[in-house]
Amino acid sequence: SIGTAVSQDSLSTPSRIWVSLSYGSAKGNNFSGEMGALILSLVRDNQVYSARILGATRPSISVTTAGDFNSYSGNLNRILETSVLYGLALNKKFLHFSISGGIGFLWGNTYSEPTPTFKSLSFTFDVQIGFSPTPVIGIGLYFFANLNSRASFDGAMVCLHLGKLW
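Described below are features of the structure shown in this document.

Calculation rules
- Residues numbered from 1 in each chain as written.
- Predicted model: local features only at pLDDT ≥ 70, side-chain atom pairs only at ≥ 80, totals over all residues.
- Heavy atoms only, no water.
- Helix = DSSP H or I, 4+ residues; strand = E, 2+ residues; numbered from the N terminus.
- Buried < 20%, exposed > 50% of the residue type's maximum accessible area, 1.4 Å probe, protein only.
- Contact = heavy atoms within 4.5 Å.
- Areas by Shrake-Rupley, 256 points an atom, 1.4 Å probe, with all protein chains shown as cover.
- 1 Å grid on protein atoms, 1.4 Å probe; cavity = no way out; pocket = protein on both sides within 12 Å on 5 of 7 lines; lining within 4 Å.
- Points joined across faces, edges and corners; volume = space filled by probe spheres on them.
- Nonpolar A, V, L, I, M, F, W, Y, C, P; charged D, E, K, R; others polar.
- Pairing = 2+ DSSP bridges.
- Core = buried A, V, L, I, M, F, W, Y, C linked by side-chain atoms within 4.5 Å.
- Phe/Tyr/Trp six-rings, centres within 6.5 Å; stacked < 30°, edge-to-face > 60°.

1. Brief notes about the overall build of the protein chain
A count of helices and strands for the protein chain gives one helix and nine strands. Mapped from its N terminus to its C terminus, the protein chain presents α and β elements in the order α-β-β-β-β-β-β-β-β-β. Taken across its 166 residues, the protein chain has 38% of its residues classed as buried. Look at the contacts in the protein chain between residues 6 or more apart in sequence, and 57% of them connect residues 24 or more apart. Approximately 8,900 Å² of the protein chain is accessible, and the part contributed by carbon and sulfur atoms is 65%.

2. Here we look at empty space enclosed by the protein
Summed over all chains, the structure comprises one cavity of 30 Å³ or more. Size it by volume and the largest cavity reaches roughly 70 Å³. Along the walls of the largest cavity sit Arg16, Trp18, His96, Gln128, Gly130, Ser132, His161 and Leu165, which together make up its complete lining. Each residue belonging to the lining of the largest cavity can be placed in one class, and the counts come to two nonpolar, five polar and one charged.

3. What to know about the environment of tryptophan 18
Within the secondary structure, tryptophan 18 sits in strand β1 (residues 16–28). A relative accessible area of 4% places tryptophan 18 in the buried class. Remark: the alpha-carbon pair of tryptophan 18 and leucine 42, spanning 24 residues in sequence, is separated by 6.7 Å. Excluding residues that lie within four positions of it along the chain, tryptophan 18 makes contacts with Ile39, Leu40, Ser41, Val43, His96, Gln128, His161, Leu162, Gly163 and Leu165.

4. A word on the pairing of strand β9 (residues 153–164)
Bridging between β1 and β9 involves twelve bridges; their strand directions are antiparallel. Looking at the pairing, alanine 26 lines up with glycine 155 of β9. Linking two consecutive strands that pair antiparallel, namely strand β8 (residues 137–148) and β9, is a turn of four residues.

5. What to know about the side chain of serine 132
In this fold, serine 132 is placed in the loop between β7 (118–131) and β8. Residue serine 132 is classed as buried on the basis of its relative accessible area of 7%. Excluding its chain neighbours within four sequence positions, the residues that come into contact with serine 132 are Phe94, Ile137, Gly138, Leu165 and Trp166.

6. Quick word on the nonpolar core
Counting residues in each nonpolar core, the largest one holds 15 residues, and the members touching the most others are Met35, Leu54, Ile79, Phe144, Phe153 and Met157. Residue assignment for this core shows that the elements contributing at least two residues are β2 (31–44), β3 (47–57), β8 and β9. The residues touching methionine 35, leaving out its near neighbours within four places in the chain, are Ser22, Tyr23, Gly24, Ser25, Ala26, Leu54, Gly55, Ala56, Ile79, Phe144, Phe153 and Met157. In terms of nonpolar packing, the next biggest core, distinct from the first, is built from five residues, Trp18, Val43, Val48 and Ala89 among them.

7. Quick look at the side chain of serine 100
Along the polypeptide, serine 100 turns up in strand β6 (residues 95–110). For serine 100, a relative accessible area of 6% puts it in the buried group. For serine 100, the residues in contact, after removing those within four places along its chain, are Val48, Leu85, Tyr86, Gly87, Thr124, Phe125 and Asp126.

8. Some remarks on the packing of aromatic side chains
Overall, the coordinates contain five aromatic pairs when judged by the stated rule. Judged by centre distance (6.1 Å) and plane angle (25°), the ring pair of tyrosine 142 and phenylalanine 144 falls under stacked. Within the aromatic cluster, the residues linked to one another by ring pairs are Tyr142, Phe144 and Phe153.

What follows is the structure, encoded as structure tokens:
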């Protein structure tokens, strides 16, 4: 009935959708460096859906032991991760907090190899904290981790959020 439909719609949380431009650093085994990210997030009914691309060019990664990164030695030139995540969100008008987990794909290459030297499936995690003084622009902190068989890492970034924030 119409009354039921109206009451169910009024109970649902309004959707929020935004893109985050992020910059920070990451650290892992044989890995440390600056990292950037592009993150798309959608919040609906206290659930958050995200897709992210993390990347580092010329990170300070030194690999000199046989067995690391598919048995090669050298310095990594690039590392890139793409992933999709799902989690729970808490929202107030100006504030956002979420925690998510998902699956991703990670690859990288050395200075001497133009093609990817290693590839790995990964489990990805993140925590987003955001403050939005306006309905379309906000700032935030982004904490992330990537667990995989080749080059696990974690880190933190500052973010600029653009979209429908409240």
